[in-house]
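Residue strings, one per chain:
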Amino acid sequence: MYIKQLCVFLENSCGKLELLTEVLAKNDINLISMSISDTNDFGVVRLIVSDPNKAQDCLVRNGFASIVNDIMAVKIPHKPGSLNGLLRAFSQKGINVEYAYALTSGDNASILMKTSNDEIASKIIKEKYGFCEAEEIYNM
């Protein structure tokens, strides 16, 4: 149901993202999906990687502030209206999507998300869609 997400707090300046990805590459960690949100000075880089705990250790050793947390990885049919149906079901239960980003694999579409109520959201997801397995994602 949940997969591990690595959140890195990164200075918003030229070359910082390159340094982050260089640490991952040098440690044979595959970058599977990424989302960046920024402010003027800093940003949050959310990453799905092949080995989240190893990635965090490597990044911390190289001076990056980061945490690992759980996030839902939802399988969504790759057709018009699929995401809208899920979001409508959330809205009807008063659930807000705090953030989300995409992940695709072959013919399947998936969305990584954090909601205001993961317990109720996960029940809706189980009824209507399904979850990606962690190993399935980490081995992409």
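Details of the structure are given in the entry above.
The residue numbering used here restarts from 1 in each chain and proceeds along that chain's sequence as written. Selection of residues for local features in this predicted model requires a pLDDT of at least 70, selection of side-chain atom pairs for listing and counting requires 80 or more, and totals for whole chains, interfaces and linings are taken over all residues. Only heavy atoms go into the side-chain values, all of them from the structure, while hydrogens and water stay out.

Participant: Any chance you could break down the nonpolar core for me, citing the residues and the numbers?
Facilitator: Buried Ala, Val, Leu, Ile, Met, Phe, Trp, Tyr and Cys residues form a nonpolar core when they are joined through side-chain atoms within 4.5 Å. Categorising residues by exposure relies on relative accessible area from a 1.4 Å probe, with only protein chains included: less than 20% of the type maximum marks a residue as buried, more than 50% marks it as exposed, and the intermediate range marks it as partly exposed. Within the largest apolar cluster, 14 residues are counted, with the highest numbers of intra-cluster contacts made by Val8, Leu20, Leu24, Leu47, Leu59 and Phe64. By the criteria applied, helices consist of DSSP H or I runs no shorter than four residues and strands consist of E runs no shorter than two, each listed in order from the N terminus. Broken down by secondary-structure element, the contributors of at least two residues to this core are β1 (2–11), α1 (16–26), β3 (42–49) and α2 (52–61). Contacts between residues were defined by any pair of non-hydrogen atoms, one from each residue, lying within 4.5 Å. Non-local contacts of leucine 20, meaning those with residues more than four positions away in its chain, are made with Val8, Leu10, Leu47, Leu59 and Phe64. Counting 13 residues, the second-largest nonpolar core is a separate cluster that includes Ile76, Ala89, Ile125 and Phe131.

Participant: Outline the pattern of salt bridges, supporting the account with residue identities and numerical values.
Facilitator: Every case where a carboxyl oxygen of Asp or Glu lies within 4 Å of a side-chain nitrogen of Lys or Arg is listed as a salt bridge. This structure, assessed with the given rule, holds four salt bridges. The partner of aspartate 70 in a salt bridge is lysine 4, with the nearest N and O atoms 2.9 Å apart. With a gap of 66 residues between them, aspartate 70 in strand β4 (residues 65–76) and lysine 4 in strand β1 connect regions that are remote in the sequence. For aspartate 70, a relative accessible area of 37% translates into the label partly exposed.

Participant: With reference to specific residues and values, describe a nonpolar patch on the surface.
Facilitator: Like-charged residues within 9 Å of one another, or nonpolar side chains (Val, Leu, Ile, Met, Phe, Trp, Tyr) within 5 Å, are grouped into patches, provided each residue has over 30% relative accessible area and no salt bridge. Only the protein chains shown count as cover for residues, and all accessible areas are computed by the Shrake-Rupley method using a 1.4 Å probe. Nonpolar side chains collect at one region of the surface, where Leu31, Met34 and Ile36 lie side by side and expose about 230 Å² of accessible area between them. Along the chain, isoleucine 36 falls in strand β2 (residues 31–38).

Participant: Residue-level account of the pairing of strand β6 (residues 108–115), with values.
Facilitator: A large share of β6 lies buried, amounting to six of its eight residues. In this scheme, strands are said to pair when DSSP sees at least two bridges between them. Pairing of β4 with β6 involves five bridges; the strand directions are antiparallel. Of the residues in β6, the one forming a bridge with methionine 72 is methionine 113.

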